[in-house]
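Fold and geometry: a report
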Amino acid sequence: MPQLELIEAIERRLWKSADNLRANSNFASNEYFLPVMGLIFLRHAYSRYLMVKDEIEKTLPKRGGKTRALTKEDFSQKSAIYLRPQAQYDYLVSLPDSSDRAGAIIAAMESIEEDYDLEGVLPKEEYRALENDVLKQTLQILNPDELKQASGDVFGRIYEYFLTQFADLKAHDNGEFFTPVSLVSLIANIIEPKEGIVLDPACGSGGMFVQSAHFVERLNQSPTEHLTFKGMEKNATTIRLAKMNLTVHGLEGDIMKAITYYQDPHELFQKADYVMANPPFNVDEVDADKVKNDPRLPFGLPGVNNQDKVSNGNYLWISYFYSYLNEKGRAGFVMSSQASSAGRDEAKVRQKLVETGAVEIMVSIRSNFFYTRTVPCEL
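Figured I'd write up the structure that's included with this text. (Residues numbered from 1 in each chain as written. Predicted model: local features only at pLDDT ≥ 70, side-chain atom pairs only at ≥ 80, totals over all residues. Heavy atoms only, no water.)

**Quick look at the overall build of the protein**
Counting secondary structure elements, the protein contains 15 helices and 10 strands. The burial tally for the protein puts 51% of its 379 residues in the buried class. By sequence separation, contacts in the protein at least 24 residues apart represent 72% of the contacts at least 6 residues apart. (Helix = DSSP H or I, 4+ residues; strand = E, 2+ residues; numbered from the N terminus. Buried < 20%, exposed > 50% of the residue type's maximum accessible area, 1.4 Å probe, protein only. Contact = heavy atoms within 4.5 Å.)

Structural data, given as structure tokens:
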């Protein structure tokens, strides 16, 4: 079987097996989402750890015949994370039946939180709701022999596959936390985020940051040395997911809880080098009075309805993206296709934006491209 087909078969089998947690626990879809992603996170982190461990050890300095111990910094330079022995997946899988598996998983999560300043981010107490044998089965399911022999970042693909499947189930936040990787990669390849601040004002699970890092890695450079990630997200659970996604790739970012329409916690007006985002489409509940004097809206409001709400928030987002950029900044974002043909006040904002000369390229994306949306969109 070709490598790609083999991976796809493994993905489907892993998902079907992990999905059995719903039958073997009291969790609903939105409740078992985080425990499953937590275990996927641990397995993905261990995969990346093993990928670079031998290479790092070959370069470690020696003193008095002793090799220096591995550190967090060693792994960050290789876009991976350091794992203490108790957080390594093989240790968790090999635990005897008499052990407290939930306690061991919690200890693993706590060690990573301590090393990476992630207090309260990783799932922990949720594992207490699962029977010891269910945890054993799930740990084993996510550790098939085929993956141990696979080359490349195969588990990274599986991590993204699980995000996709949960988005398809609408298990959390209606699935809006995840943007298809192909779209994000295309945006990154167009705007080329090589150096500076990358801002995502609607960051979801952090995919824009990860693909920006991959772009820098393909230039044989370190993303942690060249890029600074800043994000805003309104949903606390999604923030946890984004921080997990960054951490497992050896990245760090400042992601703040905020409603971008009314808040600007990073204060990056005209300071960002890159803006990447997939904001909510066609929002019509933004309080016009609260945003009418916002300096991030240099082209004015795109229409107000009889309830004193902004008629459609698409051009609020587009205006924000424009306003966050510094003089040489670049933005790439996903937007409802309605925005390119909307009339009246939205058309006036669009005309002013086009007249700046800042719009370089638009890419039309067909309908049914997203997992939880049927409408077409544009980049």
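Moving on, there is more to tell.
**Description of the sheet that holds strand β6 (residues 272-277)**
Taken together, the 5 strands give an open sheet; going across it, the order is β5-β4-β3-β6-β7, and neighbouring strands pair in parallel fashion. Where the open sheet ends on each side, the last strands, each with one partner, are β5 (253-257) and β7 (325-333). Pairwise comparison of adjacent strand axes, ignoring direction, gives a mean angle of 20° for this sheet. As paired elements, strand β4 (residues 227-233) and β5 share 5 bridges and run parallel to each other. Note that in β5 the partner of Met232 across the bridge is Met256. In the packing of helix α12 (residues 236-248) onto the sheet, the strands contacted are β4 and β5, and the crossing angle to β5 comes to about 175°. (Pairing = 2+ DSSP bridges. Axes fitted to C-alpha atoms, helices over the stretch in contact; angles between N-to-C directions.)

**Digging into helix α14 (residues 314-324)**
The buried fraction of α14 amounts to 10 of the 11 residues, a majority that puts the element mostly inside the structure. Buried residues of α14: Asn314, Tyr315, Leu316, Trp317, Ile318, Ser319, Tyr320, Phe321, Ser323 and Tyr324, and no others.

**Considering the pattern of salt bridges**
Applying the stated criterion across every chain yields a total of 15 salt bridges. One salt bridge connects Asp115 with Arg84, and the closest N-O pair in it is separated by 2.9 Å. Within this pair, whereas Asp115 is found in helix α5 (residues 101-115), its partner Arg84 is found in the loop between α3 (72-76) and α4 (89-93), the two being separated by 31 residues in sequence. Note on Asp115: relative accessible area 22%, which makes it partly exposed. Arg84 sits in the partly exposed class, given a relative accessible area of 22%. One connected set of salt bridges, linked through shared partners, spans Arg84, Glu114 and Asp115. (Salt bridge = Lys/Arg side-chain N within 4 Å of Asp/Glu carboxyl O.)

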